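Overview (structure and organization)
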Amino acid sequence: MAEGGVVEMSEDTEKIPDCAKQKSEIANLMKKSLKKGDTWYLLDTKWYKQWKKYVGYDSWDSFSVGEQNAHPGPMDNTPLLKEEEGGLKHHLIEELDYMLLPEEAWDKMMTWYGLAKDQEAISRGVIEQGTFVKHFKVEVYLLDVKLCRNSDLETVITKQFSRVATIETIEKEMRNVFEIPEEKEVRLWNKYMASTYEHLNKPADTLQDAGLYTGQTIVIEEKNDDGTWPRQAKSTNTYTSTSTSTNSRSNSIGSSSHDSSSGYSGGTSYNSYYNSSSSSSYEPGRGHATPGLCGLANLGNTCFMNSALQCMSNVPMLTQYFLNDEWVNEVNEDNPLGMKGEIARSFAELVKTLWSGKYSYTAPRNFKYAVGRFAPQFSGFQQQDSQELMAFLLDGLHEDLNRIRQKPYIEMKDTDNRPDKEVAKESWENYRKRNDSVIVDTFHGLLKSTVHCPECAKISVTFDPFCYLSLPLPIKKERQLEVFWVPISPQKKPVQFKLTVPKMGTVSDLCNALSNHVQIEPDKMAVTDVYSHRFHKIFSHDDTLNNILDRDDIFVYEVPVAWDDPDTVIVPIYMREKRVKNQYSNYQMSTYQLFGQPLLLPVPRRECTYQILYNQLLQRVSRYVKVPENAGCWWKEVNEQDGQMTDSSDGKENGEKDVISNEEPVKENGMAVDQKQINGDANEMEISAANGSKETEEKQSSENTDESMEPPPLFKFRMVNSYGSAEIDHKLKNDGNPLRLHNRTHIAVDWHPLAKEKFYDEQAAEDLEQHESVKQRIQRKQVLQLDDCLELFTRVEQLGENDLWYCPQCKKHQQATKKFDLWSLPDVLIIHLKRFSYNRYYRDKIDTLIEFPYKGLNLKKYLINKEHGAVTYDLIAVTNHYGGLGGGHYTAYGKHMEDDEWHYYDDSSVSSASEEDVTSKAAYVLVYQKQGTRTKQLKCKQNCHAAGGAMENGSSNSMSDEEMETT
Ligand SMILES: [Zn+2]
């Protein structure tokens, strides 16, 4: 500003606090906790990080504080929005994709930075979730609800609602959408399946109270003119009213008794189902059904829970135990590690409902509330992991049903190189002294782990009980990454390659892989992430590849020297053209916008003048920028047409403030720069801008061009921020003196509009070659066997650098080797396929097909206890996960314990399935039962029935126990 120059941002500069102040103000506001009803705003994480860099938010990242080239420009949420139709992209992840800002912070940022062109702020409300354990959450995604009329079920209109919107709101919206007059009486129905409806008769209920979930269909029914309801007639034909339950009024949550003799209401909270008179009541799903084939209504993203429950319901030993009321004698309400018996009680209720044969589906509300009370992480309605819930359920049931009332203290003895047999027996016995339940009897096995110190050769052996095996998937730790190679030779087109790189590798691995194709040394490569015609990031060679997402556009530029070369500087170059509209508020932005591909241009570090830069760039782009000899007075045409040709009128033709005018008067071609005239021009322009006088502009324009017979330059250089969105208060002068350039000098190439139109061949500029690797489908569809996973699980593994083992002999942490072996296996073996992997930057789901046997899975070869009995298993249940991360859908397959048939459980629907259906790439948790176990259980069932219920022997048949005793 001191040079009487740039006016950019001048008016707002006063209002914008300095970086330190911005940092402390926002940091303070970000501490705000969520409060019901508050509004928060979504902001793209990439932008937010750039802002943090700019203000030095993190102390370790302060090298570019306040530097103009780090200025983030206006807030830009483009990466969060769908390209075509707008609206938020699906499955965005907090912090990874977006940040949440409280309203006060957002307002401040708006004043300081504004919002990118044509964007609207993405605001979301804070809602309360959870039933017993309340927590607050910003509702980033609203629910999609499908609306239709009872008279026309084909026409479906999807609308979005908040989870805390009421049924009444939906009714209003539906009356509006379907043009139903206010005086017309209506009823709303929640349509579960083709023929299953639930009357939504509590207008004040919120969508989450009513258990509505995204994709739910709501039907509005209009009363007939004769006072009857259309659905009424239908219902009398389909259902008789004989099944009216005795506890018909007990429709409030939590009121149903756990007394097994009373008609359990299934936890339903709506009393009208095909209901015509208000005095009698139906229960949803009530009717004749096969015991065990009872669906579970989705209570809002609870498919994860439903799939786990259906798997457990199909474990005969467990279900018989509950159906026979054996649990009643064993429930342990005083166990401090338990849930006061509530998990056991609510699970027992549910199992009885599922196997009552009275319901085609039920709503597992009581069970869900019990889980929510003891495991807050499951209390919300957000999507959870089915395997985690299954583990919680088994653990909760175990403690609630633990036959040990007083857990004895047990001192662990060192293994002291004693034989495995002895240590294993001791470990198991000690475990059983504290843990004894139907869950231990059924699901627990013993795992041996051996840790080996690489330094002192100390071997540590432990035997640990397990409830499920979590198997890693032997997926190649490699990924395919598409990159664009930009050779330095101006005449060579960019080439697209598909490279195979280690998943956990670094950028230098990428360079090495590319080097094999292009025969250029990796140190002559600059790897960049190009986004919106600018460098979003220029990677260093030791950056990790998990920073690069598949959707990123990676451009690798050939550079002649390293970044820190003493003689050459590599300058980031952005192409810009004149902006047509400018709608920024609060922030004076450039009148230019980016186009084309950015470049990295090597130029002499010290002697690079404006003219040298100009010539070097022309040469660099010569493949697609060609000025023919006979170009004539190309710059004049428009001048004749509308008199708007020189840059001095750029901004003003849109009636905006001339923010860059003072930078203009660099003499176009000139070696001779007349300082006086520059100042004169500048003053004149300021005046003309102030007056808005078109006449002055035109006069000035024609003066400039008519007097100058030399062609104007094709483009002009300006220093800009790394976004290319704001000019920097430092001019690149065409005065023959060397420019002060460094690696972080971002230079905009602002094209003369006519030059761009006539000489810049966009097609040629975008032209590229495709290397054959792009067409190759390198990653063939892998098919794995369950054996592959088991082998990997039992393989010797070196611990990671972040996962060191404390060696008691060396007395320090060591990168030890570790090995698992199976020692004893339970009657019912749960196998968890680790399809999900998470870390700070990288979240992934592996959906490779894993083949597993339905019958006769023999685990003998993985068992190191050679005296163990037969370990051959048959599959009895599977949970499936469909879709990607942060969403998706869970279902289950289960083999019915009585007819041996497979069934498919998809929330409230149950359908028959074949054995072949069960193997799919969705399979996530497998439940196997040891051969021979089942018949024993069925016999027990008969005995139990004969003996009229409670029998003590029901749980004494643990194979593991026997093994332990006999060995
Ligand atoms: Zn050691």
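The structure displayed is predicted, hence computed values, not measured ones.

Let's shift gears to the overall build of the chain. Within the chain, the regular secondary structure consists of 26 helices and 39 strands. A buried classification covers 53% of the 967 residues belonging to the chain. The contacts of the chain with a sequence gap of at least 6 include a subset with a gap of at least 24, amounting to 72%. Of the roughly 43800 Å² of accessible surface on the chain, a fraction of 48% belongs to carbon and sulfur atoms.

A few words now on the pattern of salt bridges. For the structure on display, the rule yields 40 salt bridges. A salt bridge links Glu25 to Lys21; the shortest N-O distance between them is 3.0 Å. Of this pair, Glu25 and Lys21 both sit in helix H2 (residues 19-30), four residues apart, which is roughly one turn of that helix. Judged by relative accessible area, Lys21 falls into the partly exposed class, the value being 43%. A single network of salt bridges, built from pairs that share partners, joins Glu330, Arg403, Arg432, Asp436 and Asp441.

So, on to the packing of H2 against helix H3 (residues 45-55). Two elements in contact, H2 and H3, have axes separated by 9 Å at closest approach and are oriented at 130°. Judged by the inter-axis angle, H2 sits oblique to H3. Mapping the contact onto sequence places Cys19, Gln22, Lys23, Ile26 and Met30 in H2 and Tyr48, Trp51, Tyr54 and Val55 in H3. A per-class count over the contact of H2 with H3 returns seven nonpolar, one polar and one charged.

Looking now at the nonpolar core. Most often, soluble globular proteins keep nonpolar side chains buried together rather than apart. Residues Met312, Leu318, Phe322, Phe347, Leu397, Leu401 and Phe443 are the most contacted members of the largest nonpolar core, which totals 54 residues. Filtering out sequence-adjacent residues up to four positions away, Phe347 remains in contact with Leu309, Met312, Leu318, Phe322, Phe367, Leu393 and Leu397. In terms of nonpolar packing, the next biggest core, distinct from the first, is built from 50 residues, Val530, Tyr610, Leu617 and Ala755 among them.

In a beta sheet, neighbouring strands pair by backbone hydrogen bonds and run either parallel or antiparallel. Across the sheet, four strands lie side by side as S21-S20-S23-S22; this open sheet has mixed pairing. This sheet does not close on itself; its edge strands, each paired only once, are strand S21 (592-604) and strand S22 (715-720). Averaged over all neighbouring strand pairs, the angle between strand axes comes to 30°, with direction disregarded. With four bridges connecting them, strand S20 (residues 568-578) and strand S23 (residues 746-751) associate as parallel partners. What sits directly across from Met575, in S23, is Val749. Packing against the sheet, helix H16 (residues 610-620) makes contact with S20, S21, S22 and S23, and its axis sits at approximately 110° to S21.

Let us now look at the environment of Pro560. Looking at where Pro560 falls in the secondary structure, it is placed in the loop between strand S19 (553-558) and S20. For Pro560, a relative accessible area of 35% puts it in the partly exposed group. Remark: the alpha-carbon pair of Pro560 and Leu601, spanning 41 residues in sequence, is separated by 9.8 Å. Look past the residues within four positions of Pro560 in its chain and what remains in contact with it is Ile488, Lys524 and Pro602.

As a further point, take the packing of helix H8 (residues 316-323) against helix H10 (residues 342-354). Packing of H8 against H10 leaves a shortest axis separation of 9 Å and a crossing angle of 95°. Classified by the interaxial angle, the pair formed by H8 and H10 is roughly perpendicular. Within the contact between the two elements, H8 uses Leu318, Thr319, Phe322 and Leu323 and H10 uses Ala344, Phe347, Ala348, Val351 and Lys352. Grouping the amino acids of the contact of H8 with H10 by side-chain chemistry returns seven nonpolar, one polar and one charged.

Moving on, we get to the coordination of the zinc ion. Looking at the metal site, the zinc ion is ligated by Cys453 (SG), Cys456 (SG), Cys807 (SG) and Cys810 (SG), spaced 2.1 to 2.3 Å from it. For the zinc ion, the four donor atoms in the first shell make angles of 104 to 115° at the metal, a pattern classed as tetrahedral. Donor residues for the zinc ion sit on one chain with the sequence pattern C-x2-C-x350-C-x2-C.

Here we take up the pairing of strand S35 (residues 872-882). Most of S35 is tucked away, with ten of its eleven residues classed as buried. Examined bridge by bridge, strand S34 (residues 857-858) and S35 share two bridges and lie antiparallel to one another. Counterpart to Asn858 in the pairing with S35 is Thr872. As judged from the seven bridges shared by S35 and strand S39 (residues 923-930), these two strands associate in the antiparallel manner. Its bridge partner lying in S39, Thr879 is registered against Val925. Pairing between S35 and strand S36 (residues 889-895): six bridges, direction antiparallel. Bridging across to S36, His881 finds its partner in Tyr890.

With that out of the way, let us pick up helix H12 (residues 386-400). Compared with an ideal rise of 1.5 Å per residue, which puts 15 residues at 21 Å, H12 spans 21 Å between its outermost C-alpha atoms and is within 8% of the ideal. Capping of H12 at its N-terminal end is provided by Asp385; its side-chain oxygen lies 2.7 Å from the backbone amide nitrogen of Gln387.

Another aspect to go through is the packing of aromatic side chains. Overall, the coordinates contain 28 aromatic pairs when judged by the stated rule. Ring plane angle 40° and centroid distance 4.9 Å describe the contact between Tyr893 and Tyr904, whose orientation is recorded as tilted. In this pair, Tyr893 sits in strand S36 while Tyr904 sits in strand S37 (residues 902-906), placing the two residues eleven residues apart along the sequence. Under the relative-accessibility criterion, Tyr893 is labelled buried at 8%. Tyr904 sits in the buried class, given a relative accessible area of 17%. Among the aromatic side chains, those forming a connected cluster through ring pairs are Phe595, Tyr610, Tyr614, Tyr624, Phe715, Phe717, Trp751 and Tyr760. Here the guanidinium or amino end of Lys46 rests over the ring plane of Tyr531, the centre of that ring lying 4.9 Å away. Directly above the ring of Phe595 sits Lys756, whose terminal nitrogen or CZ lies 4.3 Å from the centroid.

Right, let's get into the pairing of strand S29 (residues 817-824). Summarising the sheet, strand S12 (residues 445-452) and S29 pair through seven bridges and their orientation is antiparallel. Paired with Leu447 across the bridge in S29 is Leu822. Bridge count for strand S26 (residues 797-798) against S29 is two bridges, and the pairing is antiparallel. Bridge pairing in S29 links Gln798 to Thr817.

Here the chain shows a mean pLDDT of 78. Residues at 70 or above account for 76%. Residue range residues 233-282 is modelled with pLDDT below 50. Its contacts to residues more than four positions away, or to other chains, number 88 contacts.

To continue, consider H10. Compared with the 18 Å implied by 1.5 Å per residue over 13 residues, the 18 Å span of H10 between its first and last C-alpha is a close match. With respect to burial, H10 is a largely interior element, twelve of its 13 residues being buried. Considered for burial, the residues of H10 that qualify are Ile343, Ala344, Arg345, Ser346, Phe347, Ala348, Glu349, Leu350, Val351, Lys352, Thr353 and Leu354.

Attention shifts here to the sheet that holds S26. Spatial strand order, S13-S12-S29-S26: four strands in an open sheet with antiparallel pairing. Of all strands in the sheet, those bounded by a partner on one side alone are strand S13 (459-466) and S26. In the sheet, S12 pairs with S13 via eight bridges, with the strands oriented antiparallel. Looking at S13, one finds that Leu447 is bridged to Asp464. Each of S12, S13 and S29 touches helix H13 (residues 420-434); the most contacted strand, S13, lies at about 40° to it.

It is worth spelling out unusual backbone geometry at this point. Across the chain, the bulk of peptide bonds are trans and the bulk of non-glycine residues have phi less than zero. The residue Glu179 is not glycine, and still its phi comes out positive at about 50°. Among the structural elements, Glu179 can be located in the loop between helix H5 (167-177) and strand S7 (186-193).

Here Thr794 lies in the loop between helix H23 (786-793) and S26. Residue classification places Thr794 among the buried positions, given a relative accessible area of 11%. Setting aside residues up to four positions removed in sequence, Thr794 forms contacts with Lys819, Phe820 and Tyr862.

With that settled, consider the environment of Ile747. Within the secondary structure, Ile747 sits in strand S23. Classification of Ile747 by relative accessible area gives buried; the value is 0%. Separated by 174 residues in sequence, Ile747 and Ile573 have C-alpha atoms that sit 4.9 Å apart. Ignoring anything within four residues of it in the chain, the contact list for Ile747 reads Val571, Pro572, Ile573, Tyr574, Leu613, Phe717, Arg718, Val720, Leu732 and Leu741.

Definitions and limits used
Residues numbered from 1 in each chain as written. Predicted model: local features only at pLDDT ≥ 70, side-chain atom pairs only at ≥ 80, totals over all residues. Heavy atoms only, no water. Helix = DSSP H or I, 4+ residues; strand = E, 2+ residues; numbered from the N terminus. Buried < 20%, exposed > 50% of the residue type's maximum accessible area, 1.4 Å probe, protein only. Contact = heavy atoms within 4.5 Å. Areas by Shrake-Rupley, 256 points an atom, 1.4 Å probe, with all protein chains shown as cover. Salt bridge = Lys/Arg side-chain N within 4 Å of Asp/Glu carboxyl O. Axes fitted to C-alpha atoms, helices over the stretch in contact; angles between N-to-C directions. Parallel < 35°, antiparallel > 145°, perpendicular 65-115°, else oblique. Nonpolar A, V, L, I, M, F, W, Y, C, P; charged D, E, K, R; others polar. Core = buried A, V, L, I, M, F, W, Y, C linked by side-chain atoms within 4.5 Å. Pairing = 2+ DSSP bridges. Donors = N, O, S within 2.8 Å, 3.2 Å for Na, K, Ca; no water. Tetrahedral: all angles 85-135°; square planar, octahedral: opposite > 155°, others 65-115°. Expected span 1.5 Å × (residues − 1). Polar contact = N/O pair within 3.5 Å; in protein donor to acceptor, adjacent residues only side chain to side chain. Phe/Tyr/Trp six-rings, centres within 6.5 Å; stacked < 30°, edge-to-face > 60°. Lys NZ or Arg CZ within 6 Å of the ring centre and 35° of its normal. pLDDT = per-residue confidence, 0-100.

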